Amino acid sequence: MMERRQRCKNIVTRILFLLQLVIFIHSVKSKTLVLLDELEAKGKYSNFFNTLSKRRHELEFKAITDETNALEMYGKPMYDNVIILAPEVEDFGGFELSDLEYFTNKHGGNILVGLNKNTGNAMRQFIKTLGIKLPKKGVEVMDHFSFQYDTKKTEEIEVERADLHTVVHGGKLISDEI
């Protein structure tokens, strides 16, 4: 009888420990640095940032050219993730390209980069270190699977699925059908 009571007590103790562990893991936030061209641009991405906040990301917003920017302190990463929404940047401010590489390769950090047709040299250099070759400046890449934006007419045009069979390479139409 005493042995059975002790076994039940051990099981209850283990269950309580596991519950505490689950609560602790769920309460841990992911710290994310968001680098923008200008801090005022934060409003353009508000839906995205709200979604991240709901997923327990603690967001810290900074201008990418801020000289006080740092990814680590005393050899420890300050962030789990970095989001760079400053595609035309020519200088990373308080850190170098090698710091971004170190953040991903040694600390296992995640980086999300937003680019456009005028992507600056600093971002091009970083993307190149990842083994990705970007098109020349000025080349636009369009999403043909959902909709395209016509800047001349300033209206959204919904694309039918049947119209998606084109191959474009280097800005030239190669074939209308795949």
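Conventions used here
Residues numbered from 1 in each chain as written. Predicted model: local features only at pLDDT ≥ 70, side-chain atom pairs only at ≥ 80, totals over all residues. Heavy atoms only, no water. Pairing = 2+ DSSP bridges. Helix = DSSP H or I, 4+ residues; strand = E, 2+ residues; numbered from the N terminus. Axes fitted to C-alpha atoms, helices over the stretch in contact; angles between N-to-C directions. Contact = heavy atoms within 4.5 Å. Salt bridge = Lys/Arg side-chain N within 4 Å of Asp/Glu carboxyl O. Buried < 20%, exposed > 50% of the residue type's maximum accessible area, 1.4 Å probe, protein only. Patch = residues over 30% accessible without salt bridge, like charges linked within 9 Å, V, L, I, M, F, W, Y side chains within 5 Å. Areas by Shrake-Rupley, 256 points an atom, 1.4 Å probe, with all protein chains shown as cover. Lys, Arg positive; Asp, Glu negative; His and termini not counted. Charge placed at Lys NZ, Arg CZ, Asp CG, Glu CD. Phe/Tyr/Trp six-rings, centres within 6.5 Å; stacked < 30°, edge-to-face > 60°.

Participant: What is the right way to look at the sheet that holds strand β1 (residues 30-36) in this model?
Facilitator: Sheet strands associate in pairs through backbone hydrogen bonding, adopting either a parallel or an antiparallel arrangement. Taking strand neighbours across the sheet as the criterion, the four strands line up as β2-β1-β5-β6 in an open arrangement whose pairing is parallel. Because the sheet does not close on itself, it has two edges, and the strands there are β2 (57-63) and β6 (110-113). On average, adjacent strands in this sheet sit at an angle of 20° to one another, irrespective of strand direction. With four bridges joining them, strand β5 (residues 81-85) and β6 adopt parallel strand pairing. Note on β6: the bridge partner recorded for Ile 83 is Leu 112. Sheet contacts for helix α2 (residues 46-54): β1, β2, β5 and β6; angle to β2, the most-contacted strand, approximately 140°.

Participant: Is there a simple way to think about the pattern of salt bridges in this case?
Facilitator: Side chains bearing opposite charge may pair, as long as their charged atoms lie close to each other. Considering all chains together, one arrives at two salt bridges under this definition. The salt bridge partner of Lys 31 is Glu 60, with a shortest N-O separation of 4.0 Å. Here Glu 60 lies in strand β2 and Lys 31 lies in strand β1, a separation of 29 residues in the sequence. The partly exposed category is assigned to Lys 31, whose relative accessible area is 30%. Measuring nitrogen to oxygen at the nearest pair gives 3.6 Å for the salt bridge that ties Glu 60 to Lys 62. Since its relative accessible area comes to 24%, Glu 60 is described here as partly exposed. For Lys 62, a relative accessible area of 16% translates into the label buried. Linked through salt bridges whose partners overlap, the residues forming this network are Lys 31, Glu 60 and Lys 62.

Participant: Could you clarify how one ought to interpret a negative patch on the surface in this entry?
Facilitator: Together, Asp 37, Glu 38, Glu 40, Glu 67, Glu 72, Glu 88, Glu 90, Asp 91, Glu 96 and Asp 99 make up a negatively charged patch on the protein surface. Relative to the helices and strands, Glu 90 resides in the loop between β5 and α3 (97-105).

Participant: Whenever I open this one, the packing of aromatic side chains confuses me. Can you help?
Facilitator: One pass over the structure, following the stated rule, counts four aromatic pairs. A centroid spacing of 5.7 Å and a plane angle of 45° characterise the contact between Phe 48 and Phe 49, whose relative ring orientation is tilted. For the ring pair Phe 92 and Phe 95, a centre distance of 5.7 Å and an interplane angle of 15° mean the geometry is stacked. Side by side, Phe 92 and Phe 95 carry an identical accessibility label, which is buried. These aromatic residues form a ring-pair network of at least three members: Tyr 45, Phe 48, Phe 49 and Phe 61.

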